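# Structural overview for review
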Amino acid sequence: MADFPRLGSATSAVRIDGPRERSEVRDAVSRFLSTGLVVLLVVITPLAFWIRGQTEVHALHSATQITQRLADYAISPLATEDLLRGDPEAIVRLDRRLEPWMRVGTIHHIKVWDRQGRVVYCDDESLIRRRFPLPLGEEVFAAGWKGDASLVRASAIGDLASTDTEVVRAFAQVRPPDAEPLLIDVAYDNDLVRSEQTAVLANMAPPFLLALLVLQLAQLLPAVGLAKRVQRHQLARRLLLQRAIEASDLERRRIARDLHDDVIQELSGLAYRLDAEARGADGSPLIGQTQAVLQKNLRTLRAVTSELYTPDLARLGLREALDRLADTIREQGVAVTLDVPDDPELELDDEQTLLLFRVSREVLVNVAKHAQARNTRIDLRRQAEVLELTIQDDGRGFDVDAGSPDGHLGMRILHDVVHEAGGELQVHSRVGLGTTVFVSLPLD
């Protein structure tokens, strides 16, 4: 139940300093931080993948350049006619030249192809002078080709390895003097790419995360201020609603008091005099008719007074108050069934009791004035920590989408009050099929 502040005189400012308001601000800030964290993850995840992809492209380009340097400075000077013919001494000389590169451990295999797909040189001697399909086709021998590199499984290089580890396979072109161009095929350890990716991410992550954290903190202070302003507006709205309801109750009491003390008393006295006149005038028809009309209007005024005046709920209890409220429309020929547990079973506080009574009174007034119903049922149930009030009639109903047929504001105000109390008010109706008003109200 919403904790409406009590209205004092000359209240000119609204402050958020109660436990509930502070809790609501904390909740709002927590939601802001949680949302910021989710957004941060949503932004960082694709960005990290993008950085990883760009780093991979850069690392593969570096592998191509390394392979080209290997081709230019290590292989090209020894790519003689003897090597192309398969001379063992030429192969040994190239082995010795490439041994430091192989010893480092980042290179798994080196292979040199000619234009016909023949292996001119390989660290695996069993492959030398054998022919295989060229890995990238004839275009690798075109003038101006800049090399290529990619991440592949070692098993995809079937003639080099059978393992399923990931390697970097890079290609470069070498043009020996007075000889056809050759294709250099080198398989590197994938650390060549992954270590660079890890280093780039490790270097970029701290400043990037720090920048996002500073941005989050910079937004936090305005968010706290905004949350407090929203809470102040909500509290002011609750105050206005409470003022409207209290003013309505005061006006109802004043009208009921004026009707009872003045109009009803004078009409009752007039009824007594008419009754005396009727006995002394030998049953004059005019006096009898006037007396009947007067008695009918007196009953109507007393019913209106009962509707206007809020009973002593603390003394009567909700069940008894609703029963008396139902009597006002029973007198108009509407059968009312009341299914409400005793107050101790419901464990209601004063504000919850008053709110349920107000909703019931407003609905029953509408039933009496507009529904043309023959039967009405009021059910109040407690489901765990939720109160459920259902008021159903078999009247003419109305189109809910078109709004209340009489434009009455009472239900709209009560809808806002129930909402501010953390509950929900629903109206279900169809033309010719009656109306059901359902209220759910949390006990907390």
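Computed from a prediction, not measured in an experiment: that's the story for all the values here. (Residues numbered from 1 in each chain as written. Predicted model: local features only at pLDDT ≥ 70, side-chain atom pairs only at ≥ 80, totals over all residues. Heavy atoms only, no water.)

Regarding its fold elements, the protein chain presents ten helices and ten strands. Residues counted as buried form 39% of the 444 residues belonging to the protein chain. Contacts in the protein chain between residues at least 24 apart in sequence constitute 65% of all its contacts with a sequence separation of at least 6. Entry remark: accessible area of the protein chain is about 25200 Å², with carbon and sulfur atoms responsible for 55%. (Helix = DSSP H or I, 4+ residues; strand = E, 2+ residues; numbered from the N terminus. Buried < 20%, exposed > 50% of the residue type's maximum accessible area, 1.4 Å probe, protein only. Contact = heavy atoms within 4.5 Å. Areas by Shrake-Rupley, 256 points an atom, 1.4 Å probe, with all protein chains shown as cover.)

Attention now goes to the nonpolar core. Core analysis: the biggest nonpolar cluster contains 41 residues, and Ile75, Leu98 and Ile110 have the highest contact counts within it. Counting residues per element, the ones that place at least two in this core are helix H1 (19-75), helix H2 (81-85), helix H3 (88-103), strand S1 (107-113), strand S2 (119-122), strand S4 (166-174) and strand S5 (182-189). Counting residues per element, this core draws most heavily on H1, which supplies seven residues. Aside from chain neighbours lying at most four places away, what touches Leu98 is Leu70, Ala74, Ile75, Ile110 and Tyr121. Grouped together as the second largest cluster of nonpolar side chains are 37 residues, Ala326, Val363, Val417 and Leu425 included. (Core = buried A, V, L, I, M, F, W, Y, C linked by side-chain atoms within 4.5 Å.)

A surface patch of nonpolar side chains, amounting to about 380 Å² of accessible area, comprises Leu210, Leu213, Val214 and Leu217. You can see Leu210 is positioned in helix H4 (residues 191-280). (Patch = residues over 30% accessible without salt bridge, like charges linked within 9 Å, V, L, I, M, F, W, Y side chains within 5 Å. Salt bridge = Lys/Arg side-chain N within 4 Å of Asp/Glu carboxyl O.)

Examined against the element boundaries, Asp393 turns out to sit in strand S8 (residues 386-393). Arg396 provides the closest opposite charge to the buried, salt-bridge-free Asp393, at an N-O distance of 8.7 Å. Polar contacts involving the side chain of Asp393 include one to the main-chain amide nitrogen of Gly395, which spans 2.8 Å. Other than its neighbours up to four places away in sequence, Asp393 contacts Val367, Ala371, Ala373, Asn375, Thr376, Gly434 and Thr435. (Lys, Arg positive; Asp, Glu negative; His and termini not counted. Polar contact = N/O pair within 3.5 Å; in protein donor to acceptor, adjacent residues only side chain to side chain.)

To continue, consider the pairing of S1. With six of its seven residues buried, S1 lies for the most part within the structure. Two successive antiparallel strands, S1 and S2, enclose a turn made up of five residues, where Gly117 displays a positive phi of approximately 85 degrees. (Pairing = 2+ DSSP bridges.)

The next point concerns the sheet that holds S1. Pairing is antiparallel in the open sheet, where five strands are placed in the order S2-S1-S5-S4-S3. The open sheet has two edge strands with one neighbour each: S2 and strand S3 (148-153). Neighbour-to-neighbour, the strand axes of this sheet turn through a mean angle of 20 degrees, independent of strand direction. Where S3 and S4 come together, six bridges link them in antiparallel fashion. Bridge pairing in S4 places Ala149 opposite Ala170. Where H3 meets the sheet, it contacts S1 and S2, and its direction lies at approximately 145 degrees from that of S1. (Axes fitted to C-alpha atoms, helices over the stretch in contact; angles between N-to-C directions.)

Attention now moves to unusual backbone geometry. The phi angle at Arg129 is positive, at roughly 75 degrees, despite the residue not being glycine. Within the element layout of this structure, Arg129 appears in the loop between S2 and S3. Relative accessible area serves as the criterion here: at 48%, Arg129 is assigned to the partly exposed category. The phi torsion at Gln372 lies on the positive side, around 55 degrees, for a residue other than glycine.

Right, let's get into the pairing of S4. Taking burial as the measure, the nine residues of S4 include eight buried ones, the bulk of the element. Strand direction decides the pairing type here: S4 and S5, joined by eight bridges, are antiparallel. Opposite Val168, over in S5, you have Tyr188 as the bridge partner.

On to the pattern of salt bridges, then. Should the charged atoms of two oppositely charged side chains come close, the side chains can pair. What the rule picks out here adds up to eleven salt bridges. Residues Arg377 and Asp379 are paired through a salt bridge, measuring 2.8 Å at the closest nitrogen-oxygen approach. A residue is classified by how much of its surface remains accessible, and Arg377, at 36% relative accessible area, is partly exposed. Asp379 gets classed as buried once you look at its relative accessible area, which sits at 16%. Sharing partners across several salt bridges, the network here consists of Asp339, Arg377, Asp379 and Arg381.

Reading across from one edge, S6-S7-S8-S10-S9 is the order of the five strands in this open sheet, with mixed pairing throughout. Whereas interior strands pair on both sides, the edge strands pair on one side only; in this sheet they are strand S6 (335-339) and strand S9 (424-429). Taken pair by pair, the neighbouring strands of this sheet meet at an average axis angle of 10 degrees, ignoring direction. Alignment of S8 against strand S10 (residues 435-442), held across eight bridges, turns out to be antiparallel. When the sheet's bridge partners are listed, Thr390 is paired in S10 with Phe438.

A word on the confidence of the model for the protein chain. Overall, the predicted model of the protein chain reaches an average pLDDT of 77, with 83% of residues at or above 70. Mean pLDDT across the elements of the protein chain ranges from a minimum in helix H5 (residues 285-308), with 69, to a maximum in S8, with 91. The model gives residues 1-18 a pLDDT under 50, and that stretch makes 39 contacts with residues more than four places away or in other chains. (pLDDT = per-residue confidence, 0-100.)

Mapping Ala292 onto the fold places it in helix H5. In this structure Ala292 comes out as partly exposed when scored by relative accessible area, which is 45%. Separated by 21 residues in the primary sequence, Ala292 and Ala271 have C-alpha atoms spaced 9.2 Å apart.

An ideal rise of 1.5 Å per residue puts 18 Å on 13 residues; helix H7 (residues 318-330) measures up with 18 Å between its terminal C-alpha atoms. The set of residues buried in H7 consists of Leu318, Ala321, Leu322, Leu325, Ala326, Thr328 and Ile329. Axial view of H7: buried residues confined to an arc of 140 degrees, hence all on one face. (Expected span 1.5 Å × (residues − 1). Arc of directions from axis to C-beta.)

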